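So the chains spell out like this:
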Amino acid sequence: MGKKRKMVLSFYCDDTGPYNAGAKAFETFLDFCAEQRIAGESSLILGGGGHSMARKPNEQEAAYLKQVARALSCGIDTHMEIMTHRALFDFGANREKEGAIHEGLWLHEPGIAAAEYERYFASIIAEGEKAGVKLTGLTWPGCGCEPCTKRYAELRTIGRTEPNPAVWEALLNLAKNGKFRGRTIPCFFGSSESSFGCHQKASEGECGVYDLMPNAGDHFGIWENNPKRVNPDYYITADGKAGIIVRHVAARAPYCVWYAHWQGLNPAKGVGWKAFVTVVERIKKHLADRVVWMRPSDITARYHVAGGWGFLDKGGGQ
Ligand SMILES: [Zn+2]
């Protein structure tokens with residue numbers, strides 16, 4: 001018998017950028033993660049401001065990118081939440097394509113070829129490299145706009161609820177060519193508190209693409225930065241006896257991954273920041289010997305090598 005099995009703990013933060021809370025807020029967030037030795041992921045949306053922030057960045061963009069470049073040393077991965085989180089980007093013209101399909105939906109459209117996805121992802125990766133950032137994975141940018149909602153509903157009626165498999169093929173090719181920071185590519189698409197897993201979507205040798213499903217949600221204010229959507233007890237109560245993290249530990253789940261949004265989580269204006277700090281403190285107080293924090297790309301790397309969660313039984317985390 002090895003050491004007692006620990007549950008992997010991680011999180012990811014969507015919609016991160018310099019625009020709604022400033023670059024300093026991201027620095028504060030990274031400092032906190034480093035100091036608390038926690039681990040997770042925070043999205044990079046290089047075209048979120050309507051142009052690539054890697055080309056002639058303004059002061060806030062430059063300050064933010066400097067922080068993104070140090071995220072890894074603070075325990076934080078950097079996924080592309082695609083280029084704009086809105087319409088497809090025109091890399092030649094350095095702007096969003098007017099009237100084009102939104103990126104999240106585009107990843108689900110059945111007619112797109114792997115080569116087209118690969119070209120688009122490679123262009124984002126190249127922008128990241130201009131900013132000195134190696135990307136770690138891909139996060140699906142969800143969208144509730146009318147055309148997206150309508151088309152997602154149509155796709156559901158013909159049984160297309162998953163991304164186009166060509167997305168996985170394109171990501172695997174880029175991983176094989178060393179375009180990402182690691183050989184395994186964590187993606188965030190599906191999510192469920194009860195029926196979750198780290199699902200292999202493509203694999204070849206030391207490379208693999210995984211949909212690492214979060215099994216806990218956002219109770220840090222969501223994208224609305226809404227105080228009614230803040231509840232640290234959802235994760236772990238003050239006495240350490242209840243909450244979804246405690247339940248996953250009790251059920252011997254291999255991991256607990258939750259997600260959040262920068263609008264609610266950021267330390268400058270986010271209504272959820274205090275709750276996030278509280279949750280980290282409560283985990284430290286009550287679960288320190290039961291959990292191990294890990295970056296998503298570290299989770300998929302170990303999972304891939306071991307062919308499953310077996311690495312957790314060997315004292316796994318460290
Ligand atoms: Zn949309």
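Everything below is about the structure shown above.
A brief report on the enclosed structure follows. Here the structure is a predicted model, which means the values were calculated and not measured.

**Overview of the pairing of strand β9 (residues 198-204)**
Two strands pair when backbone bridges link them, and β9 and strand β10 (residues 207-212) are joined in this way by six bridges, in the antiparallel orientation. Counterpart to Q200 in the pairing with β10 is Y210. Hairpin connection, β9 to β10: the antiparallel pair is bridged by two residues, and G205 has positive phi, about 55°.

**Looking at the nonpolar core**
Formed by 82 residues in total, the largest nonpolar core has its most connected members in F29, Y120, F121, I245, W258, F276 and I283. Excluding residues that lie within four positions of it along the chain, Y120 makes contacts with I82, M83, A87, L88, F89, F91, E103 and W106.

**Regarding the pattern of salt bridges**
A complete count under the given rule lists 16 salt bridges for this structure. The partner of E127 in a salt bridge is K130, with the nearest N and O atoms 2.8 Å apart. Here E127 and its partner K130 are both found in helix α4 (residues 114-130), three residues apart, which amounts to about one turn of the helix. With a shortest N-O distance of 2.9 Å, R151 and E154 are connected by a salt bridge. Here E154 and R151 lie together in helix α5 (residues 146-157), a separation of three residues that amounts to about one turn. Members of the salt-bridge network, linked through shared partners, are R55, E127 and K130.

**A few points about the sheet that holds β9**
With respect to topology, five strands assemble into an open sheet ordered β4-β7-β8-β10-β9, the strand pairing being mixed. Of all strands in the sheet, those with a lone pairing partner are β4 (79-80) and β9, marking the two edges. Of the strand pairs in this sheet, β4 and strand β7 (residues 137-139) are connected by two bridges, and their pairing is parallel. Among the inter-strand pairings, M80 is bridged to a residue of β7, identified as L138.

**A few points about the environment of P186**
Position of P186 among the secondary structure elements: in strand β8 (residues 184-188). As for P186 and D211, which are separated by 25 residues in sequence, their C-alpha atoms are 6.0 Å apart. Beyond its immediate sequence surroundings of up to four residues, P186 is in contact with H79, T136, G137, L138, Y210, P296, S297 and T300.

**Considering the coordination of the zinc ion**
Only H102 (ND1), C143 (SG), C145 (SG) and C148 (SG) from the protein coordinate the zinc ion, and they sit 2.1 to 2.4 Å from it. Accessibility expressed as a relative area gives 26% for C143, which makes it partly exposed. Since its relative accessible area comes to 2%, C148 is described here as buried.

**Thoughts on unusual backbone geometry**
Phi at I82 is positive, roughly 55°, even though this residue is not glycine. Given the relative accessible area of 0%, I82 is considered buried. Within the chain, R252 stands out as a residue other than glycine whose phi angle is a positive 60°. Note on placement: R252 falls in the loop between α7 (244-250) and β11 (255-261).

**Overview of the packing of aromatic side chains**
By the definition in use, this model includes 35 aromatic pairs. Measuring from ring centre to ring centre gives 5.8 Å for F26 and F29, while their planes differ by 20°; the resulting arrangement is stacked. Pair noted here: F26 and F29 are both in helix α1 (residues 23-36), with a separation of three residues, about one helical turn. Here F26 matches F29 in class, with each residue buried.

Quick notes on the rules
- Residues numbered from 1 in each chain as written.
- Predicted model: local features only at pLDDT ≥ 70, side-chain atom pairs only at ≥ 80, totals over all residues.
- Heavy atoms only, no water.
- Pairing = 2+ DSSP bridges.
- Helix = DSSP H or I, 4+ residues; strand = E, 2+ residues; numbered from the N terminus.
- Core = buried A, V, L, I, M, F, W, Y, C linked by side-chain atoms within 4.5 Å.
- Buried < 20%, exposed > 50% of the residue type's maximum accessible area, 1.4 Å probe, protein only.
- Contact = heavy atoms within 4.5 Å.
- Salt bridge = Lys/Arg side-chain N within 4 Å of Asp/Glu carboxyl O.
- Donors = N, O, S within 2.8 Å, 3.2 Å for Na, K, Ca; no water.
- Phe/Tyr/Trp six-rings, centres within 6.5 Å; stacked < 30°, edge-to-face > 60°.

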